Amino acid sequence: MTTISKITWDAASARRTERQFLAGPGGPARRGTPVAEVVGAMMGAHAQVLSAAEVSVGVRTSELTRADVRAALWDERSLIKTYGPRGTVHLLPARELPLWSSALTAIPTRPGPFPPDVRLTEEQAAQVVAAIGEALEGRCLTLDELTEEIVARTGPWAGERVMPAFQDLWPRWRQVLHRAGWAGTLCFGPNRGRKATYTRPPVAATGGTGGGLGTDDVLGTDGALGTDGALGTDGALGAFVRRYLYAYGPATPQHFAKWLAAPTGWAGKVFRDVAAAGGIEEVDFEGTRAWVAAGDTDFPDGPARGVRLLPYFDAYVIAAQPRERLFPGAAYERALAGGQAGNYPVLLVDGVVAGVWHQRRQGRRTTVTVEPLVRLTARQERELGEQVERVGEVLEAKAELVVGEVSVGPHA
């Protein structure tokens, strides 16, 4: 009879923070760790607001700043800014884009929130995604320019302004903008003034097939990706699930589905298939049936330790489950907006949310206001001060700590 490992919250939290470079005292990534490696360990950095992604990466290291993140994104091209989990903007390692593309495009599509006469059919959606790839080949285009190119390649229906958004009407084709990112036919280019631009990912980032997989992404013992022969969609999903579980396991199919905004039934089948192939194994996580990558059952003996400041929509806050344990007590009401994680920057103490914070910048200085929800020890107060300094270094500003109430609301 197979013995099922029993994993406690403390053990899971300690391992997750270690693998996320959030544990202390040895939590930050080793000096010289490439930006893309840090982002890969996070399973992507939420980048709807780029400065938040820069802080997410920076606080996991002892030396990287926002300039390093931008250099990796626009100069080295080791990072790609595109649409990731939940259809939201993320930074992803360029070399891992084929894996992400194959996994994200495998998620079943669901009818959009718009009336039938506004939606795109699946045939139209496929036409738009193909047209985007053709239009962006070797070019950076603004949304208006891209609209013109798509209409020219598909028809006037694609450009009809019928999609309600932000008290405005957008062209119909924009319903599948994120799907073009998932397919590897679109990513963000450098801003042109205040306007965002889009381009096609470099060939090296898409396996040379416009988003398809040309190599097998295999989980190594350290969670890194290697290459080993050809890979189809089923293999990509297995590798993707193992990567997710390496970073955030133990987890359930429901946790995985919530992270991706995918159907829970689909996620359950994916887990069953990967388990049947021997890629993942079952554990007992605080009395709940959960999963880890096969053979990845070593956990730390002690609980998580250390103080960290995490920005809006940090990957750890979004992906680590169960949320009731990550946001204990008063944190569940104070640091969540209607149960949704990520709307407030959070103070992380020993692996759980223990407060909120906000930074207000003026010139070369920034004031970081932290509202703890627990009494901090002298050691934790010292670490908090160091974290505030680190946030300032990442943002290339002189930071001042103020301990008190955070009076602004979510997304402020």
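Here, the structure is the one placed above.
Fair warning: this is a prediction, and the values are worked out from it, not measured in the lab. (Residues numbered from 1 in each chain as written. Predicted model: local features only at pLDDT ≥ 70, side-chain atom pairs only at ≥ 80, totals over all residues. Heavy atoms only, no water.)

### Here's the deal with the nonpolar core
Counting 121 residues, the largest nonpolar core has Leu 91, Phe 256, Trp 259 and Phe 327 as the members making the most contacts within it. Ranked by residue count, the leading element in this core is helix 9 (residues 233–248), at 9 residues. Contacts of Phe 327, omitting those with residues within four sequence positions, involve Val 317, Tyr 332, Ala 335, Leu 336, Ala 341, Val 346 and Val 353. Counting 5 residues, the second largest nonpolar core, distinct from the first, contains Phe 114, Val 118, Ala 165 and Trp 170. (Core = buried A, V, L, I, M, F, W, Y, C linked by side-chain atoms within 4.5 Å. Buried < 20%, exposed > 50% of the residue type's maximum accessible area, 1.4 Å probe, protein only. Helix = DSSP H or I, 4+ residues; strand = E, 2+ residues; numbered from the N terminus. Contact = heavy atoms within 4.5 Å.)

### Brief notes about the pattern of salt bridges
For the structure on display, the rule yields 22 salt bridges. Two residues, Arg 19 and Asp 296, come together in a salt bridge whose shortest N-O distance is 2.8 Å. Taken together, the positions of Arg 19 in helix 1 (residues 9–19) and Asp 296 in the loop between strand 12 (288–293) and strand 13 (307–310) put the pair 277 residues apart, joining distant regions of the chain. Judged by its relative accessible area of 18%, Arg 19 falls in the buried class. Judged by relative accessible area, Asp 296 falls into the buried class, the value being 11%. The network of salt bridges with common partners includes Glu 134, Arg 139, Glu 149 and Arg 153. (Salt bridge = Lys/Arg side-chain N within 4 Å of Asp/Glu carboxyl O.)

### Looking at unusual backbone geometry
Residue Pro 250 is bonded to the preceding Gly 249 through a cis peptide linkage, with omega at 0 degrees. The amide bond that connects Gln 321 to the next residue, Pro 322, takes the cis arrangement and shows omega of 0 degrees. Along the chain, the position of Pro 322 falls in the loop between helix 12 (315–319) and helix 13 (323–326). The backbone phi angle of Phe 166 is positive, close to 50 degrees, even though this residue is not glycine. Secondary-structure assignment places Phe 166 in the loop between strand 5 (161–165) and strand 6 (168–171).

### Some points on the pairing of strand 12
Sheet topology places strand 11 (residues 280–285) next to strand 12; 6 bridges connect them, and they run antiparallel. Residue Ile 280 lies in a different strand from strand 12, and its bridge partner there is Ala 293. Counting the residues that bridge the hairpin from strand 11 to strand 12 gives 2 residues, and of these Glu 286 lies at a positive phi of roughly 55 degrees. (Pairing = 2+ DSSP bridges.)

### A few points about the sheet that holds strand 11
Strand pairing in a sheet is mediated by backbone hydrogen bonds. Such pairs are either parallel or antiparallel. With mixed pairing, 3 strands are arranged side by side in an open sheet as 1-11-12. One side of each edge strand has no neighbouring strand; the edge strands of this open sheet are strand 1 (6–7) and strand 12. When strand 1 meets strand 11, the two strands line up parallel, connected through 2 bridges. Considered in strand 11, the bridge of Lys 6 is made with Asp 284.

### Brief notes about the packing of aromatic side chains
Applying the stated criterion to the full structure yields 13 aromatic pairs. Here Phe 188 and Tyr 198 contribute two aromatic rings whose centre-to-centre distance is 4.8 Å and whose plane-to-plane angle is 40 degrees, an arrangement assigned as tilted. Of the two residues, Phe 188 sits in strand 7 (residues 187–192) while Tyr 198 sits in strand 8 (residues 195–199), which places them 10 residues apart along the sequence. Note on Phe 256 and Trp 259: the rings are 6.2 Å apart at their centroids and 40 degrees apart in plane angle, and the pair reads as tilted. A residue pair is termed a helical-turn pair when its members lie 3 or 4 positions apart in one helix, as Phe 256 and Trp 259 do in helix 10 (residues 253–260) at 3 residues. Grouping residues by exposure puts Phe 256 and Trp 259 together as buried. An aromatic cluster of at least three residues, connected via ring pairs, comprises Trp 100, Phe 240, Tyr 244, Tyr 248, Phe 256, Trp 259, Trp 266 and Phe 271. For the cation-ring pair, Lys 81 lies above Phe 188, with the distance from its terminal atom to the ring centre recorded as 4.8 Å. The ring of Trp 170 carries Arg 174 above its face, with NZ or CZ at 3.5 Å from the centroid. (Phe/Tyr/Trp six-rings, centres within 6.5 Å; stacked < 30°, edge-to-face > 60°. Lys NZ or Arg CZ within 6 Å of the ring centre and 35° of its normal.)

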